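Structure at a glance
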Amino acid sequence: MVSTPLLSLDRLSVTVRAHAGRRRAILQNATLEVMPGEVLAIVGPSGGGKSTLVRALLGLTRFTGGGMVFEDAPIVRPLDAAHMRLRRTAEAVFQNPLGALNPHASLRAAVEEPLRARGVARAERARRAEAVAARMGLDTTLLDRRPAEVSLGQAQRVCIARALAPRPTLLALDEPLSALDALVAAEVAALLAEVITETRPTVLFVSHDLRLVRRLATRIVVVEAGRIVEVAPAARLLAEPESDAARALVACDRRRRSAFAAAQVARPAESVA
């Protein structure tokens, strides 16, 4: 039985005003089907249009051409009725946690915010906020602090907990670990992988780190110069990339892993010396 796509992009394009009144395309004719429950990684060179693709489908950047279909409802204009329905079932986590949190509000208020917007009663909001915060490895006593009173890693765990609290149909992650140091990023990635496996939302995540892609993705989309240049199952693309952009990313990842392995082998000998 073939599943119906949760979301389809049909020649979705984004242009912006550039110098001398000219317009510049930063996303061109993006056509893609997103299946229910899949974890879709969006990778490619910096500035290639990865984040623009996610922001356009969430309505955070206005698309200027093409359209989408969400749960069989056509989205023909930015923020039309069908697009607003998509937004009500979606949550997102971005790169900078401190920029995403109100500095004057408690972390508890941040996690409860999407639940309050959906009309969840106060007692249930508190219960769900504490449960999802604990699931993300946070001591619930931290929820009464403000963003400046916790570490960057704890602030990003709060952002992820906030996104997970309303149990979204669609979860968008835009470089969610890139602001964290390597050890904290690995811990948060492990928790995120567990929660995604348990709750099974449809996930779109932008990443330049193929370690995270390798861990989470079921399928990979490669975006370069504003165009989708390759779409393939994760295992196949990581083993046999076809586009130049994908080959460059995989080659860089292989060099990084080789260097790390060599450093691990050399370390005991260095300590003996």
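The structure under discussion appears in the preceding block.
Worth saying up front: this structure is predicted, and the values here are computed from it rather than measured. (Residues numbered from 1 in each chain as written. Predicted model: local features only at pLDDT ≥ 70, side-chain atom pairs only at ≥ 80, totals over all residues. Heavy atoms only, no water.)

1. So, the overall build of the protein
If you tally the helices and strands in the protein, you get 10 helices and 10 strands. What you see for the protein is a C-alpha radius of gyration of 20 Å, in line with the 19 Å of a compact globule of 273 residues. Dimensions along the principal axes, computed over C-alpha positions, put the protein at roughly 65 × 50 × 50 Å. Within the protein, the fraction of its 273 residues that count as buried is 47%. Look at the contacts in the protein between residues 6 or more apart in sequence, and 66% of them connect residues 24 or more apart. (Helix = DSSP H or I, 4+ residues; strand = E, 2+ residues; numbered from the N terminus. Rg over C-alpha atoms; globule rule 2.2 N^0.38 Å. Buried < 20%, exposed > 50% of the residue type's maximum accessible area, 1.4 Å probe, protein only. Contact = heavy atoms within 4.5 Å.)

2. Points about unusual backbone geometry
Residue Arg11 is not a glycine yet carries a positive backbone phi of 55 degrees. The residue Arg11 is located in strand S1 (residues 7-17) in this model. Positive phi, close to 55 degrees, is recorded for Arg200, a residue that is not glycine. With respect to the helices and strands, Arg200 occurs in the loop between helix H7 (182-199) and strand S8 (202-206). Note on Arg200: relative accessible area 47%, which makes it partly exposed.

3. Brief notes about the sheet that holds strand S3 (residues 39-43)
As summarised here, the arrangement of the six strands in space is S6-S7-S8-S3-S9-S10, forming an open sheet in which the pairing is mixed. What marks the edges here is a single partner per strand, and that holds for strand S6 (90-93) and strand S10 (227-233). Within this sheet the neighbouring strands show an average axis-to-axis angle of 15 degrees, counted without direction. Summarising the sheet, S6 and strand S7 (residues 170-174) pair through four bridges and their orientation is parallel. Paired with Val93 across the bridge in S7 is Leu173. Docked against the sheet, helix H6 (residues 152-164) engages S6 and S7, running at close to 175 degrees with respect to S6. (Pairing = 2+ DSSP bridges. Axes fitted to C-alpha atoms, helices over the stretch in contact; angles between N-to-C directions.)

4. Re the side chain of Thr202
Checked against the element boundaries, Thr202 lands in strand S8. Thr202 sits in the buried class, given a relative accessible area of 3%. Residues contacting Thr202, with those up to four places away along its chain left out, are Leu6, Val34, Met35, Pro36, Gly37, Glu38, Thr169, Leu170 and Leu171.

5. Some details on the side chain of Arg108
Along the chain, the position of Arg108 falls in helix H4 (residues 107-117). Of the polar contacts made by the side chain of Arg108, one reaches the side chain of Asp144; its length is 3.1 Å. Not counting residues up to four positions away in its chain, the partners in contact with Arg108 are Glu130, Thr140, Leu143 and Asp144. (Polar contact = N/O pair within 3.5 Å; in protein donor to acceptor, adjacent residues only side chain to side chain.)

6. Overview of the sheet that holds strand S2 (residues 23-34)
Strand order in the open sheet formed by four strands is S2-S1-S4-S5, and the pairing between neighbours is antiparallel. The open sheet has two edge strands, S2 and strand S5 (73-75), and neither has a second partner. Within this sheet the neighbouring strands show an average axis-to-axis angle of 25 degrees, counted without direction. Note: S1 against strand S4 (residues 65-70), five bridges, orientation antiparallel. The residue of S4 that forms the bridge with Ser8 is Val69. Sitting on the sheet, helix H1 (residues 50-58) is in contact with S1, S2 and S4, with an inclination near 110 degrees to S1. Across the face of the sheet, helix H2 (residues 81-88) comes into contact with S1, S4 and S5 while running at roughly 105 degrees to S5.

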